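A structural walkthrough
Residues per chain, in single letters:
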Amino acid sequence: MAMIEARGLTRVYPGGGGIFGVSFSVERGECLGCFGAAGAGKTTLIRLLMGFVRPQQGGCAIDGADCWAFPSYVQTQVGYLPEFPLVWEGMRGVDFLRFYARYRGEHGTGRMGELIERLAVRPELRLRRMPLPMRRKLALIAALMQAPPVLLLDEPLAGLEGEEGAQVVELLRVERQAGRTMLLTSADRSLAELCDRRIALESGLPRTEGGEVPV
Amino acid sequence: MISLPLFRMECRRAWPCWLAALLLLYAGGFGALALYDIDRIGWLDRLAAAWPELCAMLGLDGPTGTLVRFLATTLYGCLMLLLPLVYILPAAGRLMAGHTGGRSMGYLLAAPVGRRRVAATQQAVLWTGILTLWLLAGGGIALGAALLYPGELEMGWYLLLHLDCLAVWIMMAGLCFFVSCHADRPGRYLAVSGELLALFYLLRMLGRLGGQLAAAGWLTPLSLFDPTGIVMGEETWPLVAPLLLLAAGVLFMRAGAAHFRRRDLPL
């Protein structure tokens, strides 16, 4: 059984944007990259997989559970990195990570310390004072610290340049080697080398790119 | 079932507004108590005679013969409906629309905590804030009355008055929560809920003028709360109106939560 599966996934917004009939499957331990320009439908795809929006046609599932119908189970399997930065005003980075671990019902903070060190984050800073790249990395720590089997990463390199971008790419490589199933979206092709297979989205329509992604 | 970590975090975030509302309620309550002595020389009656329409609109034209009637006229007629909004309006907005608009709802839902549980937790935060505000405000005013005017406050009537007032607060909180569950941005929430509440107050004030405008009062749920009628014992069904307001508040909250469970979220 595929770990992530989408069949004819369609969601059209009133303005005409969205995605149209996207199908793919990602096997356990595999990494699928979804590339495309801004407005291509990458974030809509992630929203559908996260159960934030309901598909108008088709459906998607993670570990066999429908993403819209069983979001609570799906979320036990998923680490999610949103495209937008962390916006919990007034909280320190470390407070956010501890809160988030408790909120998720975890008994500890898992790999928090290790990831903070690896990504050179200063978690004692308040989020409102934290530079944007550091907030992005903190959000990635929140997604990874409990070592979930599936990672959904929306623009993991957004706002990160140079050494910080390289730190994240290296971390994602390690996660991949650890056997995580990954679906990442990006407008940045530099992540393509991480992926076993790739699809390109253009105005919400899927285009196969390398590999044998069924469309 | 609620999420305790989220409940604790939201209570901490709502704390400043809650405290501001409590202090304002105390200021209003103790201010009214301080004015009660002056009332014995009839200042409120003279005010009502000088500006009858204005006093009628603000609910200041009621009876003032006893302490509880004075409080019903000067405090519960207007201030006790407005001041809790210092807590209710921002808190209800932050709990749902604030998270949706600020995208932090994406983090809340990216956890094994379903939408039902998130909405239930946020409702619990709102209920907790309102009930503690109501208890502390009512208790503080009653204590102040006991200290300043021993034995003068008719506790039975005061409790009934304060209990009816709670029903109005819950109705307003339910309405705000309902709008918050529908809104994508805090600004839109504030505009819609603020305008609705302002309209309700305006209709209530117009209805109090009587004459041809009396019908305006029937268009607002706030008219179900008649503080002077309660303490004068003139309410035909003194428990029906608060029960209707309470039911409206609970239904608003449930309808808001139900919509939130089904809606697409722009996260």
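The notes below deal with the structure included here. All figures in this text were calculated on a predicted structure; none of them were measured in a lab. (Residues numbered from 1 in each chain as written. Chains lettered and ligands numbered in written order. Predicted model: local features only at pLDDT ≥ 70, side-chain atom pairs only at ≥ 80, totals over all residues. Heavy atoms only, no water.)

Some thoughts on the overall build of chain A
Within chain A one finds six helices and 10 strands. In terms of overall dimensions, chain A is globule-like: its C-alpha atoms have a radius of gyration of 17 Å, near the 17 Å expected for 215 residues. Reported as C-alpha extents along the three principal axes, the dimensions of chain A are approximately 45 × 35 × 35 Å. Residue burial in chain A is summarised as follows: out of 215 residues, 56% are buried. (Helix = DSSP H or I, 4+ residues; strand = E, 2+ residues; numbered from the N terminus. Rg over C-alpha atoms; globule rule 2.2 N^0.38 Å. Buried < 20%, exposed > 50% of the residue type's maximum accessible area, 1.4 Å probe, protein only.)

Observations concerning the interface of chain B and chain A
In this assembly, 26 residues from chain B lie in contact with 27 residues from chain A. Across the interface of chain B and chain A, roughly 2,300 Å² is buried in total on both sides, 63% from carbon and sulfur atoms. For chain B, the biggest contributors to the area lost against chain A are Tyr107(B), Pro112(B) and Asp264(B); these three give 31% of the whole. Counting across the chain B and chain A interface gives one salt bridge. Taken together, the links from chain B to chain A amount to 12 residue pairs in polar contact (both at pLDDT 80 or more). (Contact = heavy atoms within 4.5 Å. Buried area = accessible area lost by both parts, 1.4 Å probe. Salt bridge = Lys/Arg side-chain N within 4 Å of Asp/Glu carboxyl O. Polar contact = N/O pair within 3.5 Å; in protein donor to acceptor, adjacent residues only side chain to side chain.)

With respect to the nonpolar core
When a protein is soluble and globular, its nonpolar side chains tend to lie buried together. Grouped together as the largest cluster of nonpolar side chains are 158 residues, with contacts concentrated most on Phe24(A), Trp88(A), Phe96(A), Leu152(A), Tyr87(B), Leu126(B) and Trp169(B). Sort the elements by how many residues they give to this core and helix 9 (residues 155-182) of chain B lands first, with 16 residues. Not counting the four nearest positions on each side in its chain, Leu152(A) is found in contact with Ile4(A), Ile46(A), Leu49(A), Met50(A), Ile62(A), Val78(A), Gly79(A), Tyr80(A), Leu81(A) and Leu183(A). (Core = buried A, V, L, I, M, F, W, Y, C linked by side-chain atoms within 4.5 Å.)

That's the geometry; what it means functionally is another story.
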